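Coordinate analysis (summary)
The primary structure of each chain is shown beneath.
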Amino acid sequence: MLLEADVHAYLFLSFSLFAVGVYGLLSRKSVIRMLFSIEMIINAANLNFVIFSAQRNLDGQIFTFFTIGLAALEAAVGLAIVIVFYKRFGEVIPSKIRNLRW
Amino acid sequence: MNINFLAGTLILALTGAFLPVINRIFRISGVLGAIISSVGYILAGFLIMLSGNGRKLLSSFFVTDSVTQLIGMLILVASWMTMLVVYWITQRDKFINELVAALLISTAGALLLISSTNFVSLIIAMELMTMPTYLMVLFSFDEKSMEAGVKYFFNGALAIGTMLFGVSLLYAITGSFNFEILAKELFRDPLVALAAIFILAGFGFKLTAFPFHFWGPDVYDGTCPGVAALLTGISKSAAFIALMRVVYEALPAISSNLTFIFALLAAITMTVGNLLALAQKRVSRILAYSSVAHAGYTLIAFAALAVPVSVTGILYHSVAYVFMKTAAFLCFAVFLYLWGARTMDDYKGLGKREPLLAALFLIFLLSLAGVPPMAGFISKVFVFTSAVNAGMTWLALVGLLNSAFSVAYYIWIAKQMYLEEPTIEKPLNNPSDKNFILIPLAVMAVFLIVLGIWVNPVVDASAAFISKIGF
C-alpha cells in the first residue's frame, strides 16, 4: 500500500481546502476575496507537498519554498492589478463592469 | 540542459530586465530600443543554434533535445518579429520599453518551458512565461483591457493552482517530480488519473480547451492586439510542447485512459470555436475563436497518442500555429493602427488601400484555413493522419468538417478586403516608414511557406523524440 492510514485525514483537509478555494473563486464578487481564494488553492497544494515529504523525501519541502515564493509573486501582481482597477473604476467588484461578455 | 541554451535564455531575460533601466537613465528613442532588443534576440538565437554541443548542467530539470532546439528557434523568430511590429505600432507610447521588456522575459520563460523535464522546472517556467503577460494585458489602460486583465489573471492563477495540486498528488504517489522516474513508477490507479485530470485542467486553461475556453476571446479582444499575438501564438504553442512532454514522458502509464478524454475535448473544442467564430462581427474576436478551434485540432493529435505519427502532428501544428496566429494578429494590429479597422465592415476595400499588407494577411488566413502551399495544410494532414492511424476515423471526419466550416469566415474576411468598395476614406495614421512594417510580416510568411514545403526539420525532430520515448 502506498499511503499510510493517517494520511487520509490530511488528504481530506487539503482536498477540502482546494474545494473551498475553487468555490470562493467562482462565487465571490470582490477581487480581494478572489485573491484569498487563490492563496487557499496554492496552499492546499503546499500542504500536500509537506505532508508527503514527511513520508517520502525532502524534495517536496524544497518545492514548497518555490511555491511560497510563487504565491507571493502571484499576490503582488494580483494586488497591482487590483490597485489599477480601483483607481480606474472606484470599486473592486468586476462583475459590475461589463464591457466584455462571456 | 545545454550551457549554450541556458546562456541564450539568460541573455534574453537580462536584455528584458535592463531595457527599462537603460531607458530610465538615457531616455532612448524607439528605434534604439528596438536595436538593443534585436541584439539580444540575435545573440540568443546564435547561442541556441550552438546548443548541440557543449557542457550539460541541470540535467534532471531541463533537456536540450532536437525538439527544444527547433521549437526554441522558431519561437524566438516569431517573438522577434512580434517585438519589431509592436515597437513600430506603439512607438509613441511612454511605456513601450517596459512592454517589450515583458515580451522578452515572457519569451525566455517559453524557451525554458519547452525544455523542462521536471514538474518543478515546468511550473516555474510556466510562471515565468505567464507573469509578464498578466501585466502586458493591462498595457493600453482602457476599461476593456482592465476587465480583460482581471479575467486573465484569475483564470491563469486558478490554472496554476490546479496544476500544482495535481503535481502534489503525483508526488504523493511516487515521491519524485522527474518525468523519467514518474514514467517508471506510475501505474494505473484512480488517484493517478485524478492527478492527471488536475494537471490537464491546468493546461486546458492555458490552451483554451473546451470547458475553460471562456476567458480566451474576451482577453484577446480586450487587450491590445500586439499582446494578443504573444498570448495566442507564442505562449500557447509553448504550452502545447510542455503538454506533449508531460503526456508522453511522464504519464504513459494512464495514456490509454486519456485518449477518450482528449478525443472528446478535441471534438467539442473545435466545434465550439468554429461555430462561435462564425457568429462574430469583430475581426479580433474571429481570430480569437479561430485560435480556440486550432487548440482543438492539436488536441486531435493528443487523442491519437498511441501511434508515433501523433508526435509529428503535435509538433507540426505547434510550429505552424506559432507563425500563422501570431502573424494574423499582427496584421490585424497594423490594420488597426493604420486605418482603425475593427469590424468586418471596416475591412471593406482594404485590399485596394494596402495591397501588400492585405496580401500578407490573406496568406496567413489561408494558412489558418489549411490551404496547400502553407504550413497550416501539412500540419493538418499530419494531425488527421494520426487520428486515422489510431483508429479514430470519426474524429478525423469531425476535424475535416470543422476545417471546411472554418474556411467560411476566413474567406469572408478576404472577400471584404478584395471584393467590396472601401468605406473608410482617410487613414487614422499615415507614417512615412510604412513599408518597413512589411519586412517582419514577410519574414513570417516566408517561414510559413518554407515550412509548408520543406517538411524535413520538423519530421526529423519528431523522429528523434519518438525514438527517445521509445515507441
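Residues numbered from 1 in each chain as written. Chains lettered and ligands numbered in written order. Predicted model: local features only at pLDDT ≥ 70, side-chain atom pairs only at ≥ 80, totals over all residues.

What follows covers the overall build of chain B. Tallying secondary structure elements over chain B gives 19 helices and zero strands in all. Computed over C-alpha atoms, the radius of gyration of chain B comes to 21 Å, within 12% of the 23 Å expected from 2.2 N^0.38 for 471 residues, which places it in the range of a compact globule. Each principal axis of the C-alpha atoms in chain B carries an extent, and together these give about 65 × 55 × 40 Å. Counting only residues that meet the buried cut, chain B has 63% of its 471 residues in that class. A sequence separation of at least 24 residues applies to 81% of the contacts in chain B between residues at least 6 apart. (Helix = DSSP H or I, 4+ residues; strand = E, 2+ residues; numbered from the N terminus. Rg over C-alpha atoms; globule rule 2.2 N^0.38 Å. Buried ≥ 20, exposed ≤ 12 C-beta atoms within 10 Å, placed from the backbone. Contact = placed C-beta atoms within 7 Å.)

Tallying secondary structure elements over chain A gives three helices and zero strands in all. Secondary structure elements of chain A occur, N-terminal to C-terminal, as α-α-α. A burial count over chain A gives 31% of its 102 residues as buried. Relative to all contacts within chain A whose residues are 6 or more apart in sequence, the contacts with residues 24 or more apart total 44%.

Across the boundary between the two partners, chain A contributes 34 residues, which contact 33 residues of chain B. Element by element, the count of residues in the side of chain A that touches chain B is highest for helix α3 (residues 59-89) of chain A, at 14 residues. The residue inventory of the side of chain A that touches chain B, partitioned by class, reads 24 nonpolar, six polar and four charged. (Nonpolar A, V, L, I, M, F, W, Y, C, P; charged D, E, K, R; others polar.)

Below, the discussion takes up helix α18 (residues 438-453) of chain B. All names here are of chain B. Here α18 spans 22 Å end to end across 16 residues, near enough to the 22 Å set by a 1.5 Å rise per residue. Every buried residue of α18 is accounted for by Pro-440, Leu-441, Met-444, Ala-445, Phe-447, Leu-448, Leu-451 and Gly-452. Within α18, the buried residues cover an arc of 155 degrees as seen down the axis, which keeps them to one side. Projecting away from the buried face of α18 at angles above 90 degrees are the exposed residues Val-446, Val-450 and Ile-453. The inward-facing, buried residues of α18 abut α3 (66-89), α13 (309-339), α15 (355-369) and α16 (375-389). (Expected span 1.5 Å × (residues − 1). Arc of directions from axis to C-beta.)

This next bit is on the nonpolar core. Grouped together as the largest cluster of nonpolar side chains are 221 residues, with contacts concentrated most on Ala-303, Cys-331 and Val-334 of chain B. With residues up to four places along the chain from it excluded, the contact list for Cys-331 of chain B reads Leu-357, Leu-360, Phe-361, Phe-364 and Leu-441 of chain B. (Core = buried A, V, L, I, M, F, W, Y, C linked by C-beta atoms within 7 Å.)

All names here are of chain B. The N-to-C vectors of helix α4 (residues 96-113) and helix α10 (residues 225-250) enclose an angle of 20 degrees; their axes lie 9 Å apart at closest approach. The orientation of α4 with respect to α10, classified from their angle, is roughly parallel. Between α4 and α10 the crossing geometry is left-handed. On the side of α4, the interface is formed by Leu-103, Ser-106, Thr-107, Ala-110 and Leu-113, while α10 contributes Leu-230, Ile-234, Ser-235, Ala-238 and Ala-242. Partitioning the contact of α4 with α10 into residue classes produces seven nonpolar, three polar and no charged. (Axes fitted to C-alpha atoms, helices over the stretch in contact; angles between N-to-C directions. Parallel < 35°, antiparallel > 145°, perpendicular 65-115°, else oblique. Left-handed = near helix turned anticlockwise from the far one by under 90°.)

On to the packing of α13 of chain B against α16 of chain B. Residues and elements named next belong to chain B. At a minimum axis separation of 8 Å, α13 and α16 run at an interaxial angle of 155 degrees. Comparing their axes, α16 and α13 come out roughly antiparallel. When you trace α13 past α16, the crossing you get is left-handed. Counted together, Val-309, Ser-310, Thr-312, Gly-313, Tyr-316, His-317, Val-319, Ala-320, Phe-323 and Met-324 of α13 and Ala-375, Gly-376, Ile-378, Ser-379, Phe-382, Val-383, Thr-385, Ser-386 and Asn-389 of α16 form the full contact between these two elements. Grouping the amino acids of the contact of α13 with α16 by side-chain chemistry returns 10 nonpolar, nine polar and no charged.

Another aspect to go through is unusual backbone geometry. Residues and elements named next belong to chain B. The phi torsion at Arg-27 lies on the positive side, around 55 degrees, for a residue other than glycine. Mapped onto the elements, Arg-27 comes out in the loop between α1 (3-26) and α2 (30-49). Phi angles above zero are rare outside glycine, and Leu-58 is one such case at about 55 degrees. With respect to the helices and strands, Leu-58 occurs in the loop between α2 and α3.

Attention now moves to the environment of Leu-158 of chain B. If you trace the backbone, Leu-158 of chain B turns up in helix α6 (residues 143-174). Between the C-alpha atoms of Leu-158 of chain B and Arg-245 of chain B, which are 87 residues apart in sequence, the distance is 22 Å. If sequence neighbours within four positions are ignored, Leu-158 of chain B has contacts with Leu-25 and Ile-41 of chain A together with Phe-205 of chain B.

The subject of this paragraph is the environment of Phe-198 of chain B. Inspection of the secondary structure assignment puts Phe-198 of chain B in helix α8 (residues 190-207). Among residues more than four places away in sequence, those in contact with Phe-198 of chain B are Thr-162, Met-163, Phe-165, Gly-166 and Leu-169 of chain B.

What follows concerns the confidence of the model for chain B. Taken over all residues, the pLDDT of chain B has a mean of 89, while the share at 70 or more is 100%. Two numbers describe this predicted complex: its pTM, 0.93, and its ipTM, 0.92. (pLDDT = per-residue confidence, 0-100.)

What follows is about the environment of Tyr-86 of chain A. Residues and elements named next belong to chain A. If you trace the backbone, Tyr-86 turns up in helix α3. Sequence separation between Tyr-86 and Val-31 is 55 residues; the distance between their C-alpha atoms is 10.0 Å. Once you skip the residues sitting within four places of it in the chain, Tyr-86 turns out to touch Glu-91 and Val-92.

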